[in-house]
Amino acid sequence: MEIINENSSTIIPADIPVSVVGLGLMGCSITTCLLIAGHSVVAVAPLSIDLETAENRIRQHLVQSFEQEICSKQADYYLKKLTITEDYNLLKDTRLVIECTLEDITIKKQIYQNIENIVDDSTIITSNTSAIPISLLQQETRIPSRFLGLHWAEPSHTTRFLEIICGDKTDQEKAEWLYKLSHYWSKEPTLVRKDIRGFITNRLMYALYREAFHLVENGYASVDDVDRACRNDAGYWMTLVGCFRWMDLTGIPAYHAVIKDLFPTLHNGTEIPKLINDIVNTGGKGILNGNGFYNYTPEEARLWRETFEEFSYDIRRLALKYPVDIVTKKLEEEKK
């Protein structure tokens, strides 16, 4: 097996066989992203039930991606490079494995053992965990230096988001190689060089969630009010810029003045909010069963799923008009 050269400036996805272990919703969209990028993919289903649904999910993603001009060929072209299996032995020649299973260290430990029993010692192994520290997961592997986090966003084949997370023992050259490779997946990746629980985006988002629960539970606003505020303020500009660029654009001194008085009043509780506790304890799963922060009829739930899919393609088209280096490109054009 050819060993990965992390220092190589030439990356050809078609020459890099990859694998996804775990074929739930996100595992299927990650697989779709990798196929579109040109990889051959071995997709392992730890749960037999996923064998029944995975190929159809991936096919539907590919069909929609062709219709939305994300990919240039019909679904069958990409599916020829896909193997769906329960057999870990088929991971033998893979150069990158993406684990995408339940957020349970015991389950992940067994998965890593299954993977490491088969793959070459040079194969990079990653986890799509959204919160478990990578340094903690590294302890469950035989070769911690080749283990990293790859935190994707759903739907993975349309979003620009990807976090590449180093653990305490990660080989930095492997992280840099993954950073280069991920650009071929149509990502604008973030390299998290120092491990922290929740990484970047979840630490930001859960700070927002905590304050949102506080506002609702203490009678300052309704669930709908909070959602409307999120959509029409931060939701308006965040596809273009992040929080620091936004402060640059709108005047740093104003934020400096507000921070002194506002920060001390923000909620910093560590308990699970009663609002979400009550929903979970009564079996609520959101649109999956119609019981969440809102209630849904089956028809409403279906339409929300379809609307989110439609939106994901629309927002992708808008986002591609404004890449992270948009101003650099405009300056280059002006110099011509």
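Residues numbered from 1 in each chain as written. Predicted model: local features only at pLDDT ≥ 70, side-chain atom pairs only at ≥ 80, totals over all residues. Heavy atoms only, no water.

A word on the overall build of the chain
- A count of helical and extended segments in the chain gives 14 helices and 8 strands.
- A compact globule built from 336 residues would reach a C-alpha radius of gyration of about 20 Å, and the chain, at 21 Å, matches this within 12%.
- With respect to the three principal axes, the spread of C-alpha positions in the chain is 60 × 60 × 45 Å.
- Taking all 336 residues of the chain together, 38% fall into the buried category.
- Of the roughly 19,500 Å² of accessible surface on the chain, a fraction of 56% belongs to carbon and sulfur atoms.
- Each charge class in the chain can be summarised by its mean position, and for the 36 positive and 47 negative side chains these summaries are 3 Å apart. (Helix = DSSP H or I, 4+ residues; strand = E, 2+ residues; numbered from the N terminus. Rg over C-alpha atoms; globule rule 2.2 N^0.38 Å. Buried < 20%, exposed > 50% of the residue type's maximum accessible area, 1.4 Å probe, protein only. Areas by Shrake-Rupley, 256 points an atom, 1.4 Å probe, with all protein chains shown as cover. Lys, Arg positive; Asp, Glu negative; His and termini not counted. Charge placed at Lys NZ, Arg CZ, Asp CG, Glu CD.)

Points about the UniProt feature "domain: 3-hydroxyacyl-CoA dehydrogenase NAD binding" (unreviewed entry) in the chain
- Here, the residues flagged by UniProt with the feature "domain: 3-hydroxyacyl-CoA dehydrogenase NAD binding" (unreviewed entry) are residues 18-195.
- With 37% helix and 19% strand, residues 18-195 has end C-alpha atoms that lie 24 Å from one another. (UniProt positions renumbered as here; feature names shortened; annotations may be inferred.)

A word on the nonpolar core
- Counting residues in each nonpolar core, the largest one holds 37 residues, and the members touching the most others are Leu34, Leu96, Leu150, Trp152, Leu178, Leu181 and Trp185.
- Looking at which element gives the most residues to this core, the answer is helix H1 (residues 25-37), with 5 residues.
- Core analysis: the second largest hydrophobic core is formed by 18 residues, Val42, Leu91, Ile132 and Ile134 among them. (Core = buried A, V, L, I, M, F, W, Y, C linked by side-chain atoms within 4.5 Å.)

Remarks on the side chain of Ser135
- Take Ser135: it is sitting in helix H5 (residues 134-138).
- Judged by relative accessible area, which is 13%, Ser135 ranks as buried.
- In terms of polar contacts, Ser135 uses its side chain to reach the backbone amide nitrogen of Asp168, at 2.8 Å.
- Leave out the neighbours within four places in its chain, and Ser135 touches Gly167, Asp168 and Asp195. (Polar contact = N/O pair within 3.5 Å; in protein donor to acceptor, adjacent residues only side chain to side chain. Contact = heavy atoms within 4.5 Å.)

Points about the pairing of strand S2 (residues 41-44)
- Of the two faces of S2, both are covered, the one formed by Val41 and Ala43 as well as the one formed by Val42 and Val44.
- Sheet topology places strand S1 (residues 18-21) next to S2; 4 bridges connect them, and they run parallel. Looking at the pairing, Val20 lines up with Ala43 of S2.
- For S2 and strand S3 (residues 82-85), the ladder comprises 4 bridges, and the chain directions are parallel. Bridge pairing links Val44 to Thr85 in S3. (Pairing = 2+ DSSP bridges.)

Observations concerning the confidence of the model for the chain
- Averaged over every residue, the pLDDT of the chain is 94; residues scoring 70 or more account for 97%.
- Below a pLDDT of 50 lies the segment residues 1-8, which in the model reaches 22 contacts outside its immediate sequence neighbourhood of four places, other chains included. (pLDDT = per-residue confidence, 0-100.)

Quick word on the pairing of strand S6 (residues 147-152)
- With 6 of 6 residues buried, S6 is to be regarded as a mostly interior element.
- Side chains Phe147, Gly149 and His151 project from S6 onto one buried face, and the interleaved Leu148, Leu150 and Trp152 project onto a second face that is buried too.
- Pairing of strand S5 (residues 124-127) with S6, which is carried by 3 bridges, proceeds in the parallel orientation. Looking at S6, one finds that Ser127 is bridged to Gly149.
- Inspection of the sheet shows S6 paired to strand S7 (residues 162-166) by 5 bridges, in the antiparallel sense. Each bridged residue has a counterpart across the sheet, and for Gly149 the counterpart in S7 is Ile165.

What to know about the environment of Ile16
- Considering the arrangement of structural elements, one finds Ile16 in the segment before S1.
- Between the alpha carbons of Ile16 and Arg197 there is a distance of 30 Å; along the sequence they are 181 residues apart.
- Filtering out sequence-adjacent residues up to four positions away, Ile16 remains in contact with Ile11, His39, Ser40, Arg95, Trp177 and Leu181.

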